[in-house]
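This is what each chain is made of:
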Amino acid sequence: MKKIIITIDGYSSCGKSTLAKQLARKLDYTYIDSGAMYRAITLYFIQNRIDWVSPEAVVKALADIHLDFVMNVMSGVCEMHLNDENVEHLIREMVIAEKVSEVAAIKEVREFAVAQQKQMGARKGIVMDGRDIGTVVFPHAELKIFMTADIDIRVERRFKELYAKNRNITIEEVKQNLELRDYIDANREISPLRKADDAIILDNSQLSLNDQLELVMQWVEDATMAHTS
Ligand code: CDP
Ligand code: CDP
């Protein structure tokens, strides 16, 4: 079957990466978590005390950053490597979540990440999730999905994940972080989070993972057919 590009954009913790991984497995596509790139850059900036308010400091720091997605053969999912170090776990910490939207709003940071993301789609057969994938990275993608879910459901989902690793985390802290990131992401000057005109809305507040996959697989089939004929 012909391979297409699938983009999944939307608010924090609504299940974008979960759906993207399911699709990639089912279709034998590559899954790229574009948010991991912004998280890794934020990690580098924090670890190296980069003053990201200064464009000169940002440009200089970006020249020293090498990002790679490396396949974990056990899980079959690509993991984020920053300058040859696997940072997949470090980038999921709350300290990164607290700063990532600020860093992702910087023009030079976006240009750096988007240029690499565009190259990854050259051979199609890719599912990429993020905030600007259907609008900026792949504006001609064959299937674009805009995901959302009720804020309290999203908070509960992310809280469960974080609490399993850190018993000190509170639900209020998680809610504040999601609301703040959604606000910054949707209101920034460059590439704000918005639904592409031709994206299909998927509100999965009341959908199980299986129901969601079944629904979206139909969309994939339709989009693939439409671009084959
Ligand atoms: O998984 P979660 O929804 O918490 O976020 P993520 O996908 O890991 O993205 C982390 C942050 O990176 C987002 O809140 C955005 O600030 C930024 N991001 C972005 O600006 N553009 C993208 N394409 C992906 C992420
Ligand atoms: O990538 P994003 O931040 O949008 O969300 P995610 O990391 O894929 O999903 C956050 C959590 O929501 C995961 O633990 C998923 O298993 C869960 N989820 C769910 O419970 N029901 C759904 N329909 C979708 C996701």
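Per chain, residue numbering runs from 1 following the sequence as it is written. Working convention: letters from A go to chains and numbers from 1 go to ligands, in the order in which they are written. In keeping with the predicted nature of the model, local features appear solely for residues at pLDDT of at least 70, side-chain atom pairs appear and are counted solely at 80 or more, and the whole-chain, interface and lining totals rest on all residues.

As annotated in an unreviewed UniProt entry, the chain is Cytidylate kinase from Chitinophaga nivalis. UniProt positions are given in the numbering used here, feature names are shortened, and annotations may be inferred rather than shown by experiment. Taken from UniProt, the Subcellular location (unreviewed entry) comment for the chain reads in full: "Cytoplasm".

A.B. asks: It is not clear to me how the overall build of the chain should be interpreted in this structure. Could you clarify?
C.D. replies: Strands are runs of DSSP state E lasting at least 2 residues, helices are runs of H or I lasting at least 4, and numbering of each runs from the N terminus. On a plain count of helices and strands, the chain comes out with nine helices and eight strands. For 229 residues, the compact-globule estimate of 2.2 N^0.38 gives 17 Å, and the C-alpha radius of gyration of the chain, at 17 Å, lies within 12% of that figure. Seen along its three principal axes, the alpha-carbon backbone of the chain occupies a region of about 50 × 40 × 35 Å. By residue count, 37% of the 229 residues in the chain fall in the buried class. Remark: residues whose backbone-derived C-beta atoms lie within 7 Å of one another are considered to be in contact. If you take every contact in the chain between residues at least 6 apart in sequence, the share linking residues at least 24 apart comes to 74%. Our radius of gyration is a C-alpha quantity, and the globule rule it is checked against amounts to 2.2 Å times the number of residues to the power 0.38. With C-beta atoms placed from the backbone, a residue is buried if 20 or more other C-beta atoms are within 10 Å of its own, exposed if 12 or fewer are, and partly exposed between those counts.

A.B. asks: Even after reading the chapter, I still don't get the site of ligand 1, so can you show me in this structure?
C.D. replies: Placing the C-beta atom from the backbone, one calls a residue near a molecule or strand if that atom lies within 6 Å of it. In the vicinity of ligand 1 lie 15 residues, with Gly35, Ser101, Ala104, Gly130 and Arg131 positioned nearest. For the shell around ligand 1, the element with the most residues is helix α2 (residues 34-47), which contributes four residues. Across the shell around ligand 1, the residue classes break down as four nonpolar, six polar and five charged. Note on residue classes: Ala, Val, Leu, Ile, Met, Phe, Trp, Tyr, Cys and Pro are nonpolar, Asp, Glu, Lys and Arg are charged, and everything else, Gly too, is polar.

A.B. asks: Looking at this structure, how should I read the site of ligand 2?
C.D. replies: Every one of the 15 residues lining ligand 2 counts as a neighbour, but Gly15, Lys16, Ser17, Thr18 and Arg157 are closest to it. For the shell around ligand 2, the secondary-structure elements that each account for two or more residues are α1 (16-27), α7 (151-165) and α9 (209-228). Per-class residue counts for the shell around ligand 2 are three nonpolar, seven polar and five charged.

A.B. asks: Honestly, the sheet that holds strand β5 (residues 85-86) in this entry has me stumped. Any pointers?
C.D. replies: The strands making up a sheet associate through backbone hydrogen bonding, with each pair oriented either parallel or antiparallel. Paired strands are those between which DSSP finds at least two bridges. A sheet is described by the order of its strands in space; here three strands give the open sequence β3-β4-β5, paired in antiparallel fashion. Strand pairing shows two members of the sheet lacking a second neighbour, β3 (67-72) and β5, which therefore form its edges. Pairing of β3 with strand β4 (residues 77-82) involves six bridges; the strand directions are antiparallel. Each bridged residue has a counterpart across the sheet, and for Phe69 the counterpart in β4 is Met80.

A.B. asks: Which parts of the structure should I look at to understand the sheet that holds strand β1 (residues 5-10)?
C.D. replies: Across the sheet, five strands lie side by side as β2-β6-β1-β7-β8; this open sheet has parallel pairing. Since the sheet does not close on itself, it has two edges, and those belong to β2 (30-33) and β8 (200-203), each with one partner. Geometrically, the sheet is characterised by an average inter-axis angle of 20° between neighbouring strands, direction not taken into account. Where strand β7 (residues 143-148) meets β8, four bridges bridge the pair, whose relative direction is parallel. Its bridge partner lying in β8, Met147 is registered against Leu202. Axis lines are fitted to C-alpha atoms, over the contacting stretch for helices. Their N-to-C directions set the angle, which ranges from 0 to 180 degrees.

A.B. asks: What is the right way to read the UniProt feature "domain: Cytidylate kinase" (unreviewed entry) in the chain from this model?
C.D. replies: UniProt records the feature "domain: Cytidylate kinase" (unreviewed entry) for residues 6-220 in the present numbering. Along residues 6-220 the backbone is 50% helical and 18% strand, and the end-to-end C-alpha distance reaches 8 Å.

A.B. asks: Explanation requested: the pairing of strand β6 (residues 126-130) in the structure shown.
C.D. replies: Successive side chains on a regular strand alternate, one facing one side of the sheet and the next facing the other. Most of β6 sits out of view: five of its five residues are buried. Both faces of β6 are covered, namely the face carrying Ile126, Met128 and Gly130 and the face carrying Val127 and Asp129. As defined by bridge partners, β1 adjoins β6 across five bridges and the pair is classed as parallel. Paired with Ile5 across the strands is Ile126, a residue of β6. Of the strand pairs in this sheet, β2 and β6 are connected by four bridges, and their pairing is parallel. Bridge pairing links Tyr31 to Val127 in β6.

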